[in-house]
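Now for the letters of each chain:
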Amino acid sequence: EFHLLGETYMAKSEWHHLISAMDEHQRSNLAQLASRWGWHNPAITAAYRSNSYNNLDIRFPTAYSPVVSKHASKAGLELDWVYSLIRQESAFLAEAHSPVGAMGMMQIMPGTARQLAKSLGVITPSRYEMLQPETNVQLGTRYMSQLLTKFKGNIILATAAYNAGPHRARAWQPKYIPVSGDIWVESIPFSETRDYVKNILTYQAIYRHHLGKEVRLSTALDLIPARQMHATASLD
């Protein structure tokens, strides 16, 4: 009832109290119930702690489909990549806040929001607006598109940049010789970013299946281009 009335804080409080008192089978039932309600974040967290752990429809929903599809298309992005990033950033929690100030489903920092709003020719959104899926996904997909352009279509580099910043992703590129993507990911010096990129590559395969696309992890095999593409040694 709290959820239906929009009393999100009270709904979450009751939900966490209920979950803590249940066994795995009961949590599984609750996860399925929340999923049917379209209350995806609690459904995902309950599924992790229940017999529904392997239910990928609950754990990886195609939530907010009209909004996500519209803005992914406008930004020229693959839908599976956008869904994977939202799933990693917030698990579809629209009101998500991070300790450093990132907001909404796509966890956008206020400074980034100002820059993105300017590039879109719109007024910088308020804190309230940043927590609305329509605004948040519009800005987040715009940022993904900017990063993809910056890194010449390389999704692995753009993904790392979304988490750690484009300057770090650029600095982590091999200097002279291109490196296979799967090897490069293992060399990322920040464990958080390394796990972040691995997760999104895995999530993409799951979402490709959900969306009726060919399931593959070939993106992980793409070459990470070098910053300076020229020979450094002679084989005389």
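To start, this report covers the structure provided alongside it.

Criteria and cut-off values
- Residues numbered from 1 in each chain as written.
- Predicted model: local features only at pLDDT ≥ 70, side-chain atom pairs only at ≥ 80, totals over all residues.
- Heavy atoms only, no water.
- Helix = DSSP H or I, 4+ residues; strand = E, 2+ residues; numbered from the N terminus.
- Buried < 20%, exposed > 50% of the residue type's maximum accessible area, 1.4 Å probe, protein only.
- Areas by Shrake-Rupley, 256 points an atom, 1.4 Å probe, with all protein chains shown as cover.
- Phe/Tyr/Trp six-rings, centres within 6.5 Å; stacked < 30°, edge-to-face > 60°.
- Lys NZ or Arg CZ within 6 Å of the ring centre and 35° of its normal.
- Core = buried A, V, L, I, M, F, W, Y, C linked by side-chain atoms within 4.5 Å.
- Contact = heavy atoms within 4.5 Å.
- Salt bridge = Lys/Arg side-chain N within 4 Å of Asp/Glu carboxyl O.

## Structural notes on the overall build of the protein chain
Within the protein chain, the regular secondary structure consists of 13 helices and 2 strands. Taking all 236 residues of the protein chain together, the buried fraction comes to 44%. Total accessible area computed for the protein chain in this model is approximately 12,600 Å², and 54% of it derives from carbon and sulfur atoms.

## As for the packing of aromatic side chains
Scanning the model with the defined rule gives 9 aromatic pairs in all. Seen in terms of ring centroids, Y48 and Y53 are 5.6 Å apart; in terms of plane orientation they differ by 70 degrees. Their pairing is edge-to-face. Pairing Y143 with Y162 gives two aromatic rings, centres 5.3 Å apart and planes at 50 degrees, and the pair type is tilted. Placement of the pair is Y143 in helix α9 (residues 133-150) and Y162 in helix α10 (residues 155-164), with a sequence separation of 19 residues. Like Y162, Y143 is buried. Three or more aromatic residues joined by ring pairs form one cluster here, namely F60, Y83, F92, Y203 and Y207. The ring of Y53 carries the charged tip of R59 above its face, separated from the ring centre by 4.2 Å. A cation over a ring is seen here: R87 above Y203, with NZ or CZ 5.4 Å from the ring centre.

## Here's the deal with the nonpolar core
Among the nonpolar cores identified, the biggest contains 53 residues, and Y162 and W184 are the most heavily contacted of them. Breaking this core down by element, the ones donating at least two residues are α5 (65-75), α6 (79-89), α7 (110-120), α9, α10, α11 (166-172), α12 (181-186) and α13 (191-210). With 8 residues, α10 is the single largest residue contributor to this core. W184 has contacts with I156, L157, A160, A169, W172, Q173, P174, V179 and I224, leaving out every residue within four places of it along the chain. Listed in part, the 11 residues of the second largest apolar core include A11, A31, W39 and A47.

## Here's the deal with α6
A large share of α6 lies buried, amounting to 10 of its 11 residues. Listed as buried for α6 are L79, D80, W81, V82, Y83, S84, L85, I86, R87 and E89. Buried residues belonging to α6 abut α3 (40-48), α4 (56-59), α5, α9, α10 and α13.

## What to know about the environment of S126
Structurally, the position occupied by S126 is in the loop between α7 and α8 (127-130). According to the relative accessible area criterion, S126 is partly exposed, its value standing at 34%. The spatial distance from the C-alpha of S126 to the C-alpha of M22 is 39 Å, given a sequence separation of 104 residues.

## Details of the pattern of salt bridges
According to the stated counting rule, one finds 5 salt bridges in the structure shown. A salt bridge links K70 to E134, with the nearest nitrogen and oxygen atoms 2.7 Å apart. With K70 in helix α5 and E134 in helix α9, this pair connects stretches of sequence that are 64 residues apart. For E134, a relative accessible area of 34% puts it in the partly exposed group.

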